[in-house]
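Observations on chain architecture
Given next are the chains, with one letter for each unit.
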Number of protein chains: 2
Amino acid sequence: MKMRTAILGWLFAFASTCAIASDPLPSWNDGAAKQRIVAFVEAVTQQGGKDFVPEPERIATFDNDGTLWVEQPLYVQFAFMLDMLRAAAPKHPEWNDNAAFKALAAHDRKALAAMGQKPLLELLGVANSGMTVADYDKAIRDWLKTAQHPKLKRPYTDLVYAPMQELLAYLRANGFKTFIVSGGSVEFMRPWAEAAYGIPPWQIVGSQQDVKFDTRDGKPVLTRGPAFAFIDDGPGKPVGIYRQIGVRPIAAFGNSDGDKEMLEVAAAGEHRNLVLIVHHDDAAREFDYDRASEVGKLDKAWDEAKAKGWIVVSMKSDWKKVFAFEQ
Amino acid sequence: MKMRTAILGWLFAFASTCAIASDPLPSWNDGAAKQRIVAFVEAVTQQGGKDFVPEPERIATFDNDGTLWVEQPLYVQFAFMLDMLRAAAPKHPEWNDNAAFKALAAHDRKALAAMGQKPLLELLGVANSGMTVADYDKAIRDWLKTAQHPKLKRPYTDLVYAPMQELLAYLRANGFKTFIVSGGSVEFMRPWAEAAYGIPPWQIVGSQQDVKFDTRDGKPVLTRGPAFAFIDDGPGKPVGIYRQIGVRPIAAFGNSDGDKEMLEVAAAGEHRNLVLIVHHDDAAREFDYDRASEVGKLDKAWDEAKAKGWIVVSMKSDWKKVFAFEQ
């Protein structure tokens, strides 16, 4: 028994040393942002502590575009849509008069920002209406294999933020369930989110195009309709969270006004919470668009962040590296 | 080292013995149904075997009413609705002419069956429109504390099927993710599904009433609208699965035509699958309504079950006990 106790003691000592020695957030510089993240996680996981939160309520929600991966010069999904729309355009001469199509084709970010995501999603809805969801999934996977970011010259799936990947893993290691809550279409994220973020398809909340049950050659299929059933953006995000998660997040991460209401909901809960905004201020490694995530608008969420003491993370000074491929 | 090896060997031997000795489905009688379930689970989890399915694709979907808990003489949610509607009725004199309200108040199962769930859900939608989701959740929890089943004289949450609870746990122990996919409202299941089935709120797919983001006293709230955004029943179930799970189930469990399309989707996948229908043929311990889950209709899924070799489980002969409280 004594021998066994000694071995166990040694094992525990070794495990504790490892825990102290290994930094769960190595791509984060030591600073206020990192310290506050770690302090939050330690507080809500400390059994018997005043801020303890039971595991089923440790829900963390992450915006995707601009929070987990690159969103400039165009949302990646818009780049995909543009290619799909270009391919479909010969069959749709009426699009030559469509404002959304024209702005997309001209990369007119100002016009796109002014109209928001809705008319673009609607256009794409028409373009792929009638496709089975399996064919649509294949189109996304095929596109992701060859498409490259115009400035960073990498496949888009390389352009996920390493510090946020670490944060996702750190939260999960501490009993959190991590969810994506994005304005983008849910099927655009599913093919790669597991590999990129460790998030399975059923923990992704996003905008939803209409789909319909049908039978083809005696087999059940789902086909896409032309309309959107749900836009998971802005005030839609708390609705998406309610519908699909059903538990108020205690941690929420965003970068723009599309995330504002989600961040407010996380901040208004009864538990200690962590609310964080990613600040794009790194022209050298990524982009510097400050608080103008859409051209010609200033994100109001930043004023709220200041007033309520949310964490604003500077990509330039808080992140040792932005992408995993950096040396 | 030798001592340690010996101890480890002994531990492994002990663990294996336990695994063989302990039956994961003790409430199931030995018979074809149980054997086929176990054979399926062993086949899809056998690494290197021809039927092996990787863990992320081990998705199992369960209907709720009549598959996981009692659904007669009324869907439990309808019993709740009836009490809510009765309480709200004085404010809605126009309901006296509403066919759905009249049928519900008269327990007219034939009329209710003929009209389906939709008009009832719509009526309830009107009754609780404007409530915050938090108040609605509290109303459900309060009701469940006191409501009793008219025949079985138990709280409804006691009336979950013990063999299905074991099946859920058995699948999870073998790397499956288990989901509820129900025609009922998602918020009606969330308060008790974790305790009853081990299924967290975000693994419940159900019908969705419209909810809207709003602010009250400076705090963000969600309020219920009068309409339903989504009915997760019949051909709606594969749509709900696509929206919220995003992976085709390889195992699906139902008891009526509301589950038919979900069962078809599970049966049409490329992997080996398990498709099962619960047969209510036990008047003594529960109900015997055979294949008439709605009065005046015969569930067609049973013909398909026969043609395609799906498992039909007899509550009477396949289940040693129906409810956990039985001795």
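From a predicted model like this one, the values you see are computed outputs, not experimental measurements.

Observations regarding the overall build of chain A
- For chain A, the helix and strand inventory stands at 13 helices and eight strands.
- Its C-alpha atoms give chain A a radius of gyration of 22 Å, within 12% of the compact-globule value 20 Å for 327 residues.
- Seen through its C-alpha atoms, chain A measures out along the principal axes to roughly 80 × 50 × 40 Å.
- Within the span of chain A, comprising 327 residues, buried residues form 54% of the whole.
- Counting every atom, chain A has about 14,200 Å² of accessible surface; 56% of that belongs to carbon and sulfur.
- Separation between the mean location of the 39 positive side-chain charges and that of the 42 negative ones in chain A comes to 3 Å.

Focus on the relation of the copies chain B and chain A
- Of the transformation superimposing chain B on chain A, the axial component is 0.0 Å and the angular component is 180°, with the fit at an RMSD of 0.0 Å. A rotation of that kind, with that shift, is consistent with a two-fold axis. Rotation axis and chain B: the residue whose C-alpha lies nearest the axis is glutamine 244 of chain B, separated from it by 3.4 Å.
- By residue overlap, the copies meet face to face through one surface: 97% of the interface positions of chain B are interface positions in chain A.

Quick look at the packing of helix α9 (residues 186–197) of chain A against helix α10 (residues 236–244) of chain B
- Relative to each other, α9 of chain A and α10 of chain B sit at 60°, their axes nearing to 10 Å. As summarised for this structure, α9 of chain A and α10 of chain B are arranged oblique, according to the angle between their axes. Together, Val186, Glu187 and Arg190 of chain A of α9 of chain A and Tyr242, Arg243 and Gln244 of chain B of α10 of chain B make up the contact between the two elements.
- Taken together, the residues that form the contact of α9 of chain A with α10 of chain B break down as two nonpolar, one polar and three charged.

Section: the environment of histidine 107 of chain A
- Positionally, histidine 107 of chain A belongs in the loop between α4 (99–105) and α5 (109–115).
- For the pair histidine 107 of chain A and leucine 74 of chain A, spaced 33 residues apart in sequence, the C-alpha separation works out to 8.1 Å.

With respect to the packing of aromatic side chains
All names here are of chain A.
- A complete count under the given rule lists 32 aromatic pairs over all chains for this structure.
- With centroids separated by 4.1 Å and ring planes inclined at 10°, the aromatic side chains of phenylalanine 62 and phenylalanine 253 adopt a geometry described as stacked. With phenylalanine 62 in strand β1 (residues 59–62) and phenylalanine 253 in strand β5 (residues 251–254), this residue pair connects regions lying 191 residues apart in the sequence. Each member of the pair phenylalanine 62 and phenylalanine 253 is classed as buried.

Description of the environment of asparagine 174 of chain B
All names here are of chain B.
- On the secondary structure map, asparagine 174 appears in the loop between α8 (162–173) and β2 (177–185).
- For asparagine 174 and arginine 58, which are 116 residues apart along the polypeptide, the C-alpha to C-alpha distance reads 8.9 Å.
- When sequence neighbours within four positions are dropped, the list of residues in contact with asparagine 174 reads Val41, Thr45 and Arg58.

Let's talk about the pairing of strand β4 (residues 219–230) of chain A
- Bridge count between strand β3 (residues 204–216) of chain A and β4 of chain A: eight bridges; the pairing is antiparallel. By the bridge assignment for β4 of chain A, valine 211 of chain A is matched with arginine 224 of chain A.

With respect to the pattern of salt bridges
All names here are of chain B.
- By the definition in use, this model includes 34 salt bridges over all chains.
- The salt bridge partner of aspartate 23 is lysine 34, with a shortest N-O separation of 2.6 Å. On the criterion of sequence distance, the pair formed by aspartate 23 in the loop between α1 (2–21) and α2 (32–45) and lysine 34 in helix α2 is long-range, its members being eleven residues apart.
- Residue class for aspartate 23 comes out partly exposed when judged on its relative accessible area of 36%.
- Here lysine 34 and aspartate 30 are joined by a salt bridge, their closest N and O atoms 3.5 Å apart.

Some details on the interface of chain B and chain A
- Between chain B and chain A, the residue contacts involve 34 residues of the former and 34 residues of the latter.
- Contact between chain B and chain A buries roughly 3,100 Å² in total, counting both sides, with carbon and sulfur atoms accounting for 64%.
- Taken as a group, Trp202, Tyr242 and Arg243 of chain B account for 29% of the area that chain B buries against chain A, more than any other trio of residues on that side.
- The tally of links from chain B across to chain A stands at ten residue pairs in polar contact (both at pLDDT 80 or more).
- Only β2, α9 (186–197), β3 (204–216), β4 (219–230), α10 and α11 (260–267) of chain B provide two or more residues apiece to the side of chain B that touches chain A.

Notes on unusual backbone geometry
Residues and elements named next belong to chain A.
- With an omega of 0°, the peptide bond between glutamine 72 and proline 73 qualifies as cis.
- Within the element layout of this structure, proline 73 appears in the loop between β1 and α3 (76–88).
- Not every positive phi belongs to a glycine, and aspartate 217 is a case in point at roughly 50°.
- Note that aspartate 217 resides in the loop between β3 and β4.

Focus on the nonpolar core
- Counting residues in hydrophobic clusters, the biggest one holds 77 residues, and the most contacted among them are Trp28, Met164, Leu167, Tyr197 and Phe253 of chain A.
- With sequence-adjacent residues up to four places away left out, leucine 167 of chain A is seen in contact with Leu25, Trp28, Ile37, Phe62 and Phe253 of chain A.
- Listed in part, the 76 residues of the second largest apolar core include Leu121, Leu167, Leu274 and Met315 of chain B.

Quick look at the confidence of the model for chain A
- Across chain A, pLDDT averages 91, with 94% of residues at or above 70.
- Between residues 12–19 of chain A, whose pLDDT stays under 50, and residues either more than four places distant or in other chains, the model counts zero contacts.

Brief notes about helix α7 (residues 133–146) of chain A
- In this model α7 of chain A runs 21 Å from its N-terminal to its C-terminal C-alpha over 14 residues, within 8% of the 20 Å that 1.5 Å per residue would give.
- When we look at burial in α7 of chain A, the residues that qualify are Val133, Tyr136, Ala139, Ile140, Trp143 and Leu144 of chain A. All buried residues of α7 of chain A fall inside an arc of 125° around its axis, so they share one side. Within α7 of chain A, the exposed residues directed more than 90 degrees away from the buried face are Ala134, Lys145 and Thr146 of chain A.
- Against α3, α6 (118–127), α9, β3 and β4 of chain A together with α10 of chain B lie the buried residues of α7 of chain A.

Thoughts on the pairing of strand β1 (residues 59–62) of chain B
Residues and elements named next belong to chain B.
- Residues Ile59 and Thr61 point to one face of β1 and Ala60 and Phe62 to the other, with burial holding for every one of them.
- Sheet analysis places β1 next to β2, joined by four bridges and oriented parallel. The partner of phenylalanine 62 across the bridge, within β2, is isoleucine 180.
- In the sheet, β1 pairs with strand β5 (residues 251–254) via three bridges, with the strands oriented parallel. Within β5, the position partnered with threonine 61 by the bridge is alanine 252.

The rules we used
Here the residue numbering is sequential within each chain, running from 1 through the sequence in written order. Lettering of chains starts at A and numbering of ligands starts at 1, both following the order in which they are written. Given that the model is predicted, a residue must reach a pLDDT of at least 70 before its local features are reported, and side-chain atom pairs must reach 80 or more before they are shown or counted; all residues, however, enter totals for whole chains, interfaces and linings. Each side-chain value is worked out from all heavy atoms of the structure, with water and hydrogens disregarded. Only DSSP runs of H or I with at least four residues qualify as helices, and only runs of E with at least two residues qualify as strands; both kinds are numbered from the N terminus onward. To get the radius of gyration, use the C-alpha atoms; to get the globule rule, take the number of residues to the power 0.38 and multiply by 2.2 Å. Remark: exposure states derive from per-residue accessible area (1.4 Å probe, protein chains only) relative to the maximum for the residue type, with buried under 20%, exposed over 50%, and partly exposed in between. Per-residue and other accessible areas follow the Shrake-Rupley method at a 1.4 Å probe size, with only the shown protein chains counted as cover for residues. In this tally Asp and Glu are treated as negative and Lys and Arg as positive; neither His nor the chain ends contributes. To locate a charge, the coordinates of NZ of Lys, CZ of Arg, CG of Asp or CD of Glu are taken. We place the copies in one frame by least squares, fitting the C-alpha atoms of every residue whose pLDDT is at least 70 in both. Contact definition: two residues touch when any of their heavy atoms are within 4.5 Å. Angular values range over 0 to 180 degrees, each being the angle between N-to-C directions of two axes fitted as lines to C-alpha atoms, with helices fitted over their stretch in contact. Here is the rule for angles: anything less than 35 degrees is roughly parallel, anything more than 145 is roughly antiparallel, 65 through 115 is roughly perpendicular, and the remaining ranges are oblique. In the scheme used here, Gly and all other residues not listed as nonpolar or charged are polar, with Ala, Val, Leu, Ile, Met, Phe, Trp, Tyr, Cys and Pro taken as nonpolar and Asp, Glu, Lys and Arg as charged. Two aromatic rings from Phe, Tyr or Trp, using only the six-membered ring of Trp, form a pair when their centres are within 6.5 Å; if the ring planes differ by under 30 degrees the pair is stacked, by over 60 it is edge-to-face, and anything between is tilted. If DSSP finds at least two bridges between two strands, the strands pair. Should a side-chain nitrogen of Lys or Arg be within 4 Å of a carboxyl oxygen of Asp or Glu, the pair is scored as a salt bridge. Summed over both partners, the accessible area lost on bringing two parts together, with a 1.4 Å probe, is the buried area. Definition of a polar contact: a pair of N or O atoms within 3.5 Å, with one able to donate and the other able to accept a hydrogen when the atoms are protein atoms, and with sequence-neighbouring residues admitted only if both atoms are side-chain atoms. To define a nonpolar core, start from buried Ala, Val, Leu, Ile, Met, Phe, Trp, Tyr and Cys residues and group those joined through side-chain atoms within 4.5 Å. By definition, pLDDT measures how confident the predictor is in each residue, and it falls between 0 and 100. To estimate how far a helix should reach, multiply one less than its number of residues by 1.5 Å. Directions from the helix axis toward the C-beta atoms define the arc.

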